[in-house]
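For reference, the chains in residue letters:
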Amino acid sequence: MTRPLSVGIAGLGTVGAGVLTLLRENASVVAAHAGRPIAVTAVSARDRSRDRGIPLTGLRWYEDPVALAADSAIDVVVEVIGGSDGPARALIEAALAAGKPVVTANKALLAVHGAALAAEAERRGVALAFEAAVAGGIPVIKALREGLAANRITRVAGILNGTCNYILTVMRERGREFAEVLAEAQKLGYAEADPSFDVDGIDAAHKLAVLAALAFGRPVDFKAVHVEGIRHISALDIAFAGELGYRIKLLGIARRTDAGIEARVHPCMVAQTAPIARVDGVFNAVVAEGDFVGRVMLEGRGAGAGPTASAVVADLIDIARGRFTPVWGAASDALSHAPSVPMATHVGAYYLRLMVVDRPGVIAEVTAVLRDLGVSLESMLQRGRSPGEAVPVVLLTHETGEAGMREALRRIAALDTVLENPTLIRIEPA
Ligand SMILES: NC(=O)c1ccc[n+]([C@@H]2O[C@H](COP(=O)([O-])OP(=O)(O)OC[C@H]3O[C@@H](n4cnc5c(N)ncnc54)[C@H](OP(=O)(O)O)[C@@H]3O)[C@@H](O)[C@H]2O)c1
């Protein structure tokens with residue numbers, strides 16, 4: 001058999017330790033698929049004394065991850081430290097400059113610096129692989145870039161954050177509020193102590209930026225992604241969604257429009273009958289729509305040591321085999337320069353939930369605002385009566401422009417009879 005592929009891993013946390021474990025336990029399967037053994041020979045982490053539940057004897061240890069890139073006995077560098085800058089970025093830049101292929105699981109770094117890093121990888125003629133960066137164990141990068149390469153992709157949408165999907169699922173199943181479910185998820189280790197990357201939609205936006213670049217063959221453009229999280233979703237909205245035949249999911253959606261590429265992460269009302277509406281708990285899913293293939297959906301575990309290691313090692317197998325694809329699917333001179341379109345130009349249907357004082361004329365005031373802004377209503381729902389008290393009212397609109405809807409929301413929120421901040425959720429076609 002050919003010489004083993006020699007791998008250096010920087011970062012020995014959840015993912016790094018998972019990669020070591022997989023390469024040991026599945027060594028023969030991996031070697032058969034790679035055409036040669038894949039052997040980790042050097043590692044880097046901060047704390048050498050920490051027990052990682054896996055023996056590190058015989059592996060060269062580097063305090064400084066950047067030194068891995070300079071180790072002449074290493075063929076490939078795996079970056080699983082994390083963070084959009086700092087040591088992760090320095091390591092990847094050093095490895096590419098040394099002409100070494102890189103495998104990373106780091107969506108934050110790819111979203112922010114992916115365009116420059118991909119250009120550098122292309123200049124050096126080496127792979128920059130990142131299957132694990134989006135949707136963990138789901139092979140969505142390969143599916144979009146290679147399996148669907150013959151298609152013009154029109155839309156890609158996904159449940160890209162397992163923490164948010166878990167929280168929304170538990171809120172629905174148990175009728176509980178966001179804050180209590182988040183606290184419980186933190187106790188169970190499904191949510192970080194600082195949950196903002198997850199629950200404010202940033203992690204999903206990083207992944208969507210990468211998916212949009214692949215789907216539409218253009219450099220990654222994270223700044224253009226519109227981002228909203230799930231903190232404002234209440235048990236009441238989830239219950240109304242159910243009554244109306246929807247589920248609330250945090251989706252990342254990138255769509256080709258006549259004006260350019262729309263990319264957005266926000267809670268969505270999705271028809272209960274849509275396959276993606278049934279993806280629950282910590283699971284992720286990605287739906288891609290291509291002009292010849294139609295709709296394809298992939299579902300699986302988006303995080304965790306095993307699924308993420310599965311994706312990292314798949315990339316290592318490609319490298320061992322010498323399989324090589326440009327980072328965004330096409331060489332830089334063949335990339336598209338389709339502009340990103342702002343959220344204000346989005347057109348769609350909306351769910352609007354208000355708490356209003358139950359007295360005559362209130363609904364007329366609200367509908368007058370909508371009429372003035374050209375927003376047409378599809379239906380309205382009011383549950384219970386409680387004269388003089390607060391009651392919820394739900395309005396569903398026909399397709400309308402985001403800018404008008406935002407202005408309507410502002411004017412409605414300012415009405416004396418509207419008691420809390422209204423909740424606005426976009427209705428996403430299945
Ligand atoms: N966890 C998942 O399920 C998952 C899924 C998909 C993608 N990812 C991505 O994979 C990457 C790693 O995630 P993770 O969950 O494995 O993180 P983690 O458990 O926090 O591990 C990070 C590792 O990096 C090491 N490290 C930090 N700073 C370092 C430095 N300056 N020099 C050398 N080593 C350093 C840490 O060393 P010490 O152990 O010594 O502190 C630790 O071993 C991130 O980009 C993440 O977004 C994770």
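Scroll up to find the structure.
Since this is a predicted model, take the numbers as computed values, not measurements.

## Overview of the sheet that holds strand β3 (residues 60–62)
In step 1: An order of β3-β2-β1-β4-β5-β6 is seen for the six strands of this open sheet, with the pairing classed as parallel. The open sheet has two edge strands, β3 and β6 (128–129), and neither has a second partner.
In step 2: Most of the contacts of helix α4 (residues 86–97) go to strand β4 (residues 76–79), to which it runs at about 165°, and overall it touches β1 (5–10), β4, β5 (102–104) and β6.

## Looking at the pattern of salt bridges
If the charged atoms of two oppositely charged side chains come close together, the side chains can form a pair.
In step 1: In this structure the tally under the stated criterion is 33 salt bridges.
In step 2: Residue Glu146 is joined to Arg145 by a salt bridge in which the shortest nitrogen-to-oxygen separation is 3.6 Å.
In step 3: By relative accessible area, which is 32% here, Glu146 ends up partly exposed.
In step 4: Exposure remark for Arg145: the relative accessible area of 13% places this residue in the buried category.
In step 5: One salt bridge in this structure joins Glu402 and Arg406, with 3.1 Å as the shortest N-O distance. Remark: Arg406 and Glu402 occur in helix α14 (residues 402–413); sequence separation between them is four residues, near one turn of the helix.
In step 6: Here the residues in one salt-bridge network are Arg155, Arg255, Glu262, Arg264, Glu289, Arg295 and Glu428, joined through shared partners.

## Section: the site of the ligand
In step 1: Around the ligand sit 23 residues in total, of which Leu12, Val15, Asp47, Arg52 and Gly304 are the nearest.
In step 2: The separation between an oxygen atom of the ligand and a polar main-chain atom of Leu12 is 2.8 Å.
In step 3: Expressed as a share of its isolated accessible area of 900 Å², the protein-covered part of the ligand is 79%.
In step 4: When the residues that make up the shell around the ligand are grouped by side-chain class, the tally is 10 nonpolar, eight polar and five charged.

## Notes on helix α5 (residues 107–124)
In step 1: In this model α5 runs just 22 Å from its N-terminal to its C-terminal C-alpha over 18 residues, more than 12% under the 26 Å that 1.5 Å per residue would give.
In step 2: At His113, α5 shows its strongest bend, of approximately 80°.
In step 3: For α5, the complete set of buried residues consists of Ala108, Leu109, Leu110, Ala111, His113, Gly114, Leu117, Ala118, Glu120 and Ala121.
In step 4: Buried-residue contacts for α5 involve α4, β5, β6 and α10 (202–216).
In step 5: At the N-terminal end of α5, a side-chain oxygen is found 3.4 Å from the backbone nitrogen of Ala108, two or three residues along, and the residue is Asn106.

## A short note on the side chain of Ser196
In step 1: Topologically, Ser196 is positioned in helix α9 (residues 196–199).
In step 2: Of the residues examined, Ser196 reaches a relative accessible area of 19% and is grouped as buried.
In step 3: In contact with Ser196, not counting residues within four places along its chain, are Gly201, Ile202 and Arg231.

## Quick word on the pairing of strand β11 (residues 283–290)
In step 1: Counted residue by residue, β11 has seven buried out of eight residues, so it is predominantly covered.
In step 2: Examined bridge by bridge, strand β7 (residues 153–159) and β11 share six bridges and lie antiparallel to one another. Following the sheet pairing, Arg155 is matched in β11 by Glu289.
In step 3: As judged from the eight bridges shared by β11 and strand β12 (residues 294–301), these two strands associate in the antiparallel manner. Considered in β12, the bridge of Ala288 is made with Val296.
In step 4: Count of turn residues in the β11/β12 antiparallel hairpin: three residues.

## Description of the packing of aromatic side chains
In step 1: Across all of its chains, the model carries two aromatic pairs by this definition.
In step 2: With centroids separated by 4.7 Å and ring planes inclined at 70°, the aromatic side chains of Tyr166 and Tyr190 adopt a geometry described as edge-to-face. With Tyr166 in helix α7 (residues 162–174) and Tyr190 in the loop between α8 (178–188) and α9, this pair connects stretches of sequence that are 24 residues apart.
In step 3: We classify Tyr190 as partly exposed; its relative accessible area is 39%.
In step 4: It is Arg145 that lies over the ring of Phe130; its NZ or CZ is 5.8 Å from the centre.

## Thoughts on the packing of helix α13 (residues 362–372) against α14
Describing two packed helices takes the angle between their axes plus the distance from one axis to the other.
In step 1: Axis separation between α13 and α14 bottoms out at 9 Å; the angle between their running directions is 150°. In terms of orientation, α13 lies roughly antiparallel with respect to α14. Every pair of crossing elements has a handedness; the one defined by α13 and α14 is right-handed. From α13, Val366, Val369, Leu370 and Asp372 reach across to α14, where they touch Met405, Ala408, Arg411 and Ile412.
In step 2: Across the contact of α13 with α14, the residue classes tally to six nonpolar, no polar and two charged.

About the thresholds
Residues numbered from 1 in each chain as written. Predicted model: local features only at pLDDT ≥ 70, side-chain atom pairs only at ≥ 80, totals over all residues. Heavy atoms only, no water. Pairing = 2+ DSSP bridges. Helix = DSSP H or I, 4+ residues; strand = E, 2+ residues; numbered from the N terminus. Contact = heavy atoms within 4.5 Å. Axes fitted to C-alpha atoms, helices over the stretch in contact; angles between N-to-C directions. Salt bridge = Lys/Arg side-chain N within 4 Å of Asp/Glu carboxyl O. Buried < 20%, exposed > 50% of the residue type's maximum accessible area, 1.4 Å probe, protein only. Near = heavy atom within 4 Å. Polar contact = N/O pair within 3.5 Å; in protein donor to acceptor, adjacent residues only side chain to side chain. Areas by Shrake-Rupley, 256 points an atom, 1.4 Å probe, with all protein chains shown as cover. Nonpolar A, V, L, I, M, F, W, Y, C, P; charged D, E, K, R; others polar. Expected span 1.5 Å × (residues − 1). Bend = angle between axes of the 7 residues up to and from the residue. Phe/Tyr/Trp six-rings, centres within 6.5 Å; stacked < 30°, edge-to-face > 60°. Lys NZ or Arg CZ within 6 Å of the ring centre and 35° of its normal. Parallel < 35°, antiparallel > 145°, perpendicular 65-115°, else oblique. Left-handed = near helix turned anticlockwise from the far one by under 90°.

Keep in mind these values describe shape, not function.
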